[in-house]
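Residue-level structural notes
Listed below, chain by chain, are the residues.
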Number of protein chains: 2
Amino acid sequence: MLSMKKETRKQEIIRVASKLFKNKGYSAVTMRDVAKAMDMKAASLYNHINSKQAILQDIILNIAEEFTSGMAMVLAKDNSNVERLNALIALHVRIAVENPEGLAALNTDWMHLEEKLDYYLQLRNDYENNFRNIIANGIENNQIKSIDVEVILFSMLSTLRSLYLWLPKKGTVNQKDLTESLAQILIEGINK
Amino acid sequence: MLSMKKETRKQEIIRVASKLFKNKGYSAVTMRDVAKAMDMKAASLYNHINSKQAILQDIILNIAEEFTSGMAMVLAKDNSNVERLNALIALHVRIAVENPEGLAALNTDWMHLEEKLDYYLQLRNDYENNFRNIIANGIENNQIKSIDVEVILFSMLSTLRSLYLWLPKKGTVNQKDLTESLAQILIEGINK
DNA sequence: TCCACAAACTAACGTTTGTTAGTTTGATTA
DNA sequence: TAATCAAACTAACAAACGTTAGTTTGTGGA
């Protein structure tokens, strides 16, 4: 009976809210907007959630922690640096396919986290440091071209972090194909 | 006496506002925030600008039109497709260095354009189509690897559009070096 | 049948929002 | 000196904001 649980009303509100957040951003979405999308009155939302801010925290921190544990699994395996980069590409694709709306909130509304802002920034910073170390290690060991580490890092992260933006356009995505195409482009380049 | 004009009060407000928009987003910035940053009262802003919305339009449309004319210049020259991609990388770097705050508004707040939204989307769509055609042409002529055109397009655009995010971290940037590193990564890849 | 409880409701609150109207100030020009 | 004008001000507005309090409704178990 694994994963047969029905979505609670709270989870439903958070899911609907994250869809609205994706379109207009956290600040431009009102509790009355969320309520209308749920077909109820704004005050009724508070039977299920504590505050607007709590919705944002739930959305963003769940994903941030998913990235953190994903990175931990990548580092746990004894793979080459390039294989690790491939695994990270797959991680980003998987999360983007599963929850593009949540990723939108994470990418564009993280600065509206209040009490949890520092915690989020810590997770993001740790993640970037781990990513950076893999690239730097690859350069040291002559597996990756000797280009500015920061430029490589942010070039890869920019693409991977923007996946949520154009992934929905493609209807049902073949996750494996997309991962392979991205790996090809990000690692081997496009020049023939 | 070229380019000796002093910044008008209106331009100053728009510049200050775009800096605030970059940090918190258009919706989360109030006219009183802008006023405080200008060291005046909110009502006084209206001696110089017509509305909050007009500020956003000024910021975004100026940049969008700069991309449009930049693309036109790239297409005007009789270059190879790969050379054209290089020129577009240089275009994005140049605009990002000149006006990272404005680019932030364009990338994250374009959906809050009201009357001008359709016009903006038309410019963006045209730009993407031109970019896409260059890549498709390169594949047809065997200059670019035969990978899904959409994946290549959005991989490149994601990186170029995110430049404003991490460019300020690097202090004074050597525009030429950055352009070359990016071209290397985006076109030749990072694998050795 | 009665009770409990989840989940909706109405009504209202204090605050903040973008914006307008009318006024004052201080420097430049006639 | 008097007139002009850009650019600031004070005061206020109606609307929208997140949220709270207290109440009603409908369903399932004792």
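Residues numbered from 1 in each chain as written. Chains lettered and ligands numbered in written order. Predicted model: local features only at pLDDT ≥ 70, side-chain atom pairs only at ≥ 80, totals over all residues. Heavy atoms only, no water.

**Considering the overall build of chain A**
Across its full length, chain A holds 10 helices and 0 strands. Along the three orthogonal principal directions, the C-alpha set of chain A runs to about 60 × 35 × 35 Å. Among the 192 residues that make up chain A, the fraction classed as buried is 46%. If you take every contact in chain A between residues at least 6 apart in sequence, the share linking residues at least 24 apart comes to 68%. (Helix = DSSP H or I, 4+ residues; strand = E, 2+ residues; numbered from the N terminus. Buried < 20%, exposed > 50% of the residue type's maximum accessible area, 1.4 Å probe, protein only. Contact = heavy atoms within 4.5 Å.)

**Thoughts on the protein's contact with DNA strand C**
Residues in contact with DNA strand C amount to 16 residues; listed here are only the nearest, Lys41, Asn47 and His48 of chain A together with Thr30 and Tyr46 of chain B. In the interface set of DNA strand C, defined as its atoms within 4 Å of the protein, sugar plus phosphate atoms amount to 56%. One nitrogen or oxygen atom from the main chain of valine 29 of chain B is found 3.4 Å from a phosphate oxygen belonging to DNA strand C. One of the side-chain N or O atoms of arginine 32 of chain B is found 2.9 Å from a base nitrogen in DNA strand C. For the surface near DNA strand C, the secondary structure elements donating two or more residues are helix H3 (42-45) of chain A together with helix H2 (31-38) of chain B. Residue composition of the surface near DNA strand C, by class: 6 nonpolar, 5 polar and 5 charged. (Near = heavy atom within 4 Å. Polar contact = N/O pair within 3.5 Å; in protein donor to acceptor, adjacent residues only side chain to side chain. Nonpolar A, V, L, I, M, F, W, Y, C, P; charged D, E, K, R; others polar.)

**A few points about the pattern of salt bridges**
Taken as a whole and judged by the stated rule, the model has 13 salt bridges over all chains. A salt bridge links glutamate 12 of chain A to arginine 9 of chain A; the shortest N-O distance between them is 2.9 Å. Of this pair, glutamate 12 of chain A and arginine 9 of chain A both sit in helix H1 (residues 9-24), separated by 3 residues, roughly a single helical turn. Residue glutamate 12 of chain A is classed as partly exposed on the basis of its relative accessible area of 24%. Note that glutamate 66 of chain B is salt-bridged to arginine 94 of chain B, the shortest N-O span being 3.0 Å. Of the two residues, glutamate 66 of chain B sits in helix H4 (residues 52-76) while arginine 94 of chain B sits in helix H5 (residues 81-98), which places them 28 residues apart along the sequence. (Salt bridge = Lys/Arg side-chain N within 4 Å of Asp/Glu carboxyl O.)

**Section: helix H7 (residues 117-140) of chain A**
Residue and element names in this part refer to chain A. Between its terminal C-alpha atoms H7 stretches 34 Å, which fits the 34 Å expected from 24 residues at 1.5 Å a residue. Along its buried surface, H7 packs onto helix H4 (52-76), helix H5 (81-98), helix H6 (100-109) and helix H8 (149-161). The positive-phi residue at the C-terminal boundary of H7 is asparagine 142, with phi of around 65 degrees. (Expected span 1.5 Å × (residues − 1).)

**With respect to the nonpolar core**
Counting residues in hydrophobic clusters, the biggest one holds 129 residues, and the most contacted among them are Phe131 of chain A together with Phe131 of chain B. Those residues within four positions of phenylalanine 131 of chain B in sequence are excluded, and the remaining contacts are Met71, Leu85, Leu88, His92, Leu153, Met156, Leu157 and Leu160 of chain B. (Core = buried A, V, L, I, M, F, W, Y, C linked by side-chain atoms within 4.5 Å.)

**A few points about unusual backbone geometry**
The phi angle at aspartate 39 of chain A is positive, at roughly 65 degrees, despite the residue not being glycine. Structurally, aspartate 39 of chain A is set in the loop between helix H2 (31-38) and H3.

**Quick look at the packing of aromatic side chains**
Throughout the structure, instances matching the rule amount to 10 aromatic pairs over all chains. Between the aromatic rings of tryptophan 110 of chain A and tyrosine 120 of chain A, the centroid separation amounts to 5.9 Å while the plane-to-plane angle is 25 degrees, which identifies the pairing as stacked. With tryptophan 110 of chain A in the loop between H6 and H7 and tyrosine 120 of chain A in helix H7, the pair connects residues that are 10 residues apart, well separated along the chain. Ring geometry for tyrosine 127 of chain B versus phenylalanine 131 of chain B: centroids 6.1 Å apart, planes at 65 degrees, classification edge-to-face. Note that tyrosine 127 of chain B and phenylalanine 131 of chain B are positioned in helix H7 (residues 117-140) at a spacing of 4 residues, about one turn of the helix. By way of ring pairs, the aromatic residues Phe67, Tyr127 and Phe131 of chain A are connected into one cluster. (Phe/Tyr/Trp six-rings, centres within 6.5 Å; stacked < 30°, edge-to-face > 60°.)

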